[in-house]
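Commentary on secondary and tertiary structure
What follows is each chain in one-letter form.
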Amino acid sequence: MILYIETKSEEETRERGRRFGEVILPEIPVMLHGDLGTGKTVFVRGVGDSFGISGVRSPSFTLINEYETGYGIRIVHADLYRLNDGSYDTLGLHEYIDDNASIVFIEWPERMKGIDINCENVIEIFFYALSESERRIIIIAWGEKAQEVVHRL
C-alpha cells in the first residue's frame, strides 16, 4: 500500500506525524528516507506529540534518542547519517526492533548496508522538499499489519 501526502508547512508535517503516532504499532519499524532538512525529525516530533512527549530532537549526534511515553511504550529515534562503516550493528537496533514495547524510527536506513531487519511488517516514509515549507511524503507499507496501519491514516 502506498499513501501520498503533501504538506504546506512544518506545522502540517508535524500534524501528519501526530496522526501517524495515533495508529502506529510497536512491532512495525519505520524507515525514514530523505535529504537533510526534509522533515523527518519534524514528523517524529509529531509522533511524540501524540504520546504527550515534548522535546523530541534530532539524534544526529547522539545516534539514538529514547522517549518513554508513560503508556508502556518507548519511542526510539535513530539517525544513521554519520555512520558509513557498518557500526550501526553495535547500536543494538535489532534489540529495539524485536522489543514489542518500542516504536522504532530509523533515519538514513540505507546506511545499514543491506542488513536484514527480519520483520514481516515495515513502513518506509520518503520525504521530499517541494519548496522551503512544502513537503511531499510518500508512505509505503510492507506486510499486512503495516498496511492496516497506513490504511487508518
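In short, a report on the structure. (Residues numbered from 1 in each chain as written. Predicted model: local features only at pLDDT ≥ 70, side-chain atom pairs only at ≥ 80, totals over all residues. Heavy atoms only, no water.)

Re the overall build of the protein chain
As a reminder of what qualifies: Comment: elements are numbered from the N terminus, with helices defined as DSSP H or I runs of at least four residues and strands as E runs of at least two. Between the two quantities, the radius of gyration covers C-alpha atoms and the globule rule is 2.2 Å times the number of residues to the power 0.38. What makes two residues a contact is simply this: any of their non-hydrogen atoms within 4.5 Å.
Check the secondary structure of the protein chain and you find four helices and seven strands. Compactness check: the protein chain gives a C-alpha radius of gyration of 14 Å against a globular reference of 15 Å for 153 residues, within 12% of the reference. Taken along the three principal axes of its C-alpha coordinates, the protein chain extends 40 × 30 × 30 Å. A separation threshold of at least 6 residues defines the contact pool for the protein chain, and within that pool the share at least 24 residues apart is 64%.

Quick notes on the pattern of salt bridges
To keep things clear, this is the line we draw: The salt bridge definition used is simple: a Lys or Arg side-chain nitrogen within 4 Å of an Asp or Glu carboxyl oxygen. Three labels apply to residues, based on accessible area from a 1.4 Å probe with only protein chains included: buried if under 20% of the type maximum, exposed if over 50%, partly exposed otherwise in between.
One pass over the structure, following the stated rule, counts nine salt bridges. A salt bridge links lysine 8 to glutamate 134; its shortest N-O distance comes to 3.5 Å. Of this pair, lysine 8 sits in the loop between strand S1 (2-7) and helix H1 (10-23) while glutamate 134 sits in the loop between strand S6 (122-129) and strand S7 (135-142); the two residues are 126 residues apart in sequence, bridging distant segments of the chain. We classify glutamate 134 as partly exposed; its relative accessible area is 26%. Where aspartate 99 meets arginine 74, a salt bridge forms, and the shortest distance between an N and an O atom there is 2.7 Å. Here aspartate 99 is found in the loop between helix H3 (93-98) and strand S5 (102-107), whereas its partner arginine 74 is found in strand S4 (residues 74-79), with 25 residues between them in sequence.

Let's talk about the packing of H1 against helix H2 (residues 40-50)
Short version of the rule: Geometry is summarised by axes, namely lines fitted to C-alpha atoms with helices restricted to the contacting stretch, and by angles between N-to-C directions that run from 0 to 180 degrees. Here the word oblique covers every angle except those under 35 degrees (roughly parallel), over 145 (roughly antiparallel) and from 65 to 115 (roughly perpendicular). Rotating anticlockwise by less than a right angle from the far helix to the near helix defines a left-handed crossing, while the corresponding clockwise rotation defines a right-handed one.
Look at H1 against H2: their axes get within 6 Å of each other, and the N-to-C directions meet at 50°. In terms of their interaxial angle, H1 and H2 are classed as oblique. The handedness of the crossing between H1 and H2 comes out as right-handed. Residues Glu10, Thr13, Arg14, Arg16, Gly17, Arg18, Phe20, Gly21 and Glu22 of H1 pack against Val42, Phe43, Arg45, Gly46, Val47, Asp49 and Ser50 of H2.

Quick look at unusual backbone geometry
The phi dihedral of tryptophan 108 is positive, around 60°, even though this residue is not glycine. Secondary-structure assignment places tryptophan 108 in the loop between S5 and S6.

Concerning H2
Along H2, eight of the eleven residues are buried, which leaves the element largely enclosed by surrounding structure. Looking at H2, one finds that the buried residues are Lys40, Thr41, Val42, Phe43, Val44, Gly46, Val47 and Gly48. Packed against the buried residues of H2 are H1, strand S2 (30-33), S4, S5 and S6. Looking one or two places after H2, you find glycine 52, whose phi comes out positive at around 75°.

Observations concerning the packing of aromatic side chains
Heads up, the rule is: Any two of the Phe, Tyr and Trp rings considered here, Trp counted by its six-membered ring, make a pair once their centres fall within 6.5 Å; the pair's planes then place it as stacked at under 30 degrees, edge-to-face at over 60, or tilted in between.
Overall, the coordinates contain five aromatic pairs when judged by the stated rule. A ring pair is formed by phenylalanine 43 and phenylalanine 127, whose centres lie 5.6 Å apart and whose planes are at 70°; its orientation type is edge-to-face. In this pair, phenylalanine 43 sits in helix H2 while phenylalanine 127 sits in strand S6, placing the two residues 84 residues apart along the sequence. Each member of the pair, phenylalanine 43 as well as phenylalanine 127, is classed as buried. Both rings, one in tyrosine 81 and one in tryptophan 108, keep their centres 4.7 Å apart while their planes meet at 55°; by these two values the pair is tilted. Remark: tryptophan 108 occurs in the loop between S5 and S6 and tyrosine 81 occurs in the loop between S4 and H3; sequence separation between them is 27 residues.

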